[in-house]
Amino acid sequence: MRAFVALLLLSLSTFSLAAASDQSSDQLAELLFNDPNSPRTGAKAPKLTIVSFTDYNCPYCKQFDPMLEKIVQENPDVQLIVKLLPFKGQSSVNAAKAALSTWRQQPDKFWPLHQRLMMKKGYHDDASIAAALAKTATDSIRTDEKTMGSLKMNLLLSQVLNIQGTPATIIGDQMVAGAIPYDDLEALVKEQLAQARGK
């Protein structure tokens, strides 16, 4: 993974070779894989970590996100990290802030809320976000403004990684842009797991 991160840094014209040093790669890897403010599920000591940049208003994310969760359920060596990237307006920001506040305050309730927010067809508004909070018994959680720091960091990471839209998913040494069919996703995960186990 470190080689992948270094390659990404090298590929960006705004970065000098010095910026692609081991230290920069380590810092980027730390932000991608070890940020405690990023929701995660699956293996505690994963052989493969999937990082998903996603948006609650993105129709393709709504299709792809359940596939990622299914992959984690079926592969005990895989961990999924969610990086909320609210590209689609203020309601994306509001939904992401509600979800990340839940992760910070009651992490066991994050995934039910996340799934509920992903189930909504079309764009969220204040009423649909409030309904999702009520349905998942997270409506007592106050929005933590520190979550804006996480969202800004996710935006910065997306710029460094040249992510143009959601979903965008890092799977081992591959960056997957957009939603792909489940069979393709499963094949890629198995390939990356085999590589990881062979090291």
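Check the entry above for the structure.
None of these values were measured; they are calculated from a predicted model.

S.K.: I'd love a proper account of the overall build of the chain, names of residues and values included.
M.R.: If you tally the helices and strands in the chain, you get eight helices and five strands. The order of α-helices and β-strands along the chain, N terminus first, is α-α-β-β-α-β-α-α-α-α-β-β-α. Counting the 199 residues in the chain, one finds 48% classified as buried. Taking the contacts inside the chain whose residues are at least 6 apart along the sequence as the reference set, 76% of them involve residues at least 24 apart.

S.K.: Pulling in residues and values, what's your account of unusual backbone geometry?
M.R.: Along the chain, Thr-166 connects to Pro-167 via a cis peptide bond; the corresponding omega equals -5°. By the secondary structure assignment, Pro-167 is in the loop between α7 (147–160) and β4 (168–171). Within the chain, Ala-137 stands out as a residue other than glycine whose phi angle is a positive 55°. With respect to the helices and strands, the residue Ala-137 is situated in the loop between α6 (126–135) and α7. Residue Ala-137 is classed as partly exposed on the basis of its relative accessible area of 41%. At Asn-162, a residue that is not glycine, the phi angle is positive and equals roughly 60°.

S.K.: Give a detailed account of the side chain of Ser-52, specifying residues and quantitative values.
M.R.: Relative to the helices and strands, Ser-52 is located in strand β2 (residues 48–54). Among all residues touching Ser-52, those that are not within four sequence positions of it are Leu-68, Leu-80, Ile-81, Val-82, Lys-83, Ala-168 and Thr-169.

S.K.: How would you sum up helix α3 (residues 59–74)? Please name residues and give values.
M.R.: The first and last C-alpha atoms of α3 sit 24 Å apart over 16 residues, in line with the 22 Å expected at 1.5 Å per residue. Listed in full, the buried residues belonging to α3 are Cys-61, Lys-62, Phe-64, Asp-65, Leu-68, Glu-69, Ile-71 and Val-72. Elements in contact with the buried residues of α3: β1 (40–42), β2, β3 (78–84), α5 (110–119), β4 and α8 (182–198).

S.K.: Quick rundown of the sheet that holds β2? Include the residues and the values.
M.R.: The strand order across the open sheet built from five strands is β1-β3-β2-β4-β5, with neighbouring strands paired in mixed fashion. Across the chains shown, the open sheet's two edge strands, defined by having one partner strand only, are β1 and β5 (174–177). Taking the axes of each pair of neighbouring strands and ignoring which way they run, one obtains an average angle of 20° across the sheet. Bridge analysis of β2 against β3 gives seven bridges, and the strand direction is parallel. Across the sheet, residue Ile-50 finds its bridge partner in β3, namely Leu-80.

S.K.: Talk me through the pairing of β2; I want residue IDs and the actual numbers.
M.R.: Counting buried residues in β2 gives seven out of seven residues, a clear majority hidden from the surface. Side chains Leu-48, Ile-50, Ser-52 and Thr-54 project from β2 onto one buried face, and the interleaved Thr-49, Val-51 and Phe-53 project onto a second face that is buried too. For the crossover from β2 across α3 to β3, the handedness is right-handed. Note: β2 against β4, four bridges, orientation antiparallel. Each residue of the ladder has a partner; that of Val-51, found in β4, is Ile-170.

S.K.: Tell me what's going on with α7, and back it up with residues and numbers.
M.R.: Compared with the 20 Å implied by 1.5 Å per residue over 14 residues, the 20 Å span of α7 between its first and last C-alpha is a close match. All of the buried residues in α7 are Thr-147, Ser-150, Leu-151, Asn-154, Leu-157, Ser-158 and Val-160. Count one or two residues on from α7 and you reach Asn-162, which has phi positive near 60°.

S.K.: Describe the packing of α3 against α8, listing the residues and the values that go with them.
M.R.: One way to put it is that α3 packs onto α8 with a least axis distance of 11 Å and a crossing angle of 40°. One way to sum up the angle between α3 and α8 is to call them oblique. The way α3 lies across α8 gives a crossing that is right-handed. Between α3 and α8, the contacting residues are Phe-64, Met-67, Leu-68, Lys-70, Ile-71 and Glu-74 on the first element and Tyr-182, Leu-185, Glu-186 and Val-189 on the second.

How each quantity is defined
- Residues numbered from 1 in each chain as written.
- Predicted model: local features only at pLDDT ≥ 70, side-chain atom pairs only at ≥ 80, totals over all residues.
- Heavy atoms only, no water.
- Helix = DSSP H or I, 4+ residues; strand = E, 2+ residues; numbered from the N terminus.
- Buried < 20%, exposed > 50% of the residue type's maximum accessible area, 1.4 Å probe, protein only.
- Contact = heavy atoms within 4.5 Å.
- Expected span 1.5 Å × (residues − 1).
- Pairing = 2+ DSSP bridges.
- Axes fitted to C-alpha atoms, helices over the stretch in contact; angles between N-to-C directions.
- Right-handed = clockwise from strand over helix to strand, strands pointing away.
- Parallel < 35°, antiparallel > 145°, perpendicular 65-115°, else oblique.
- Left-handed = near helix turned anticlockwise from the far one by under 90°.

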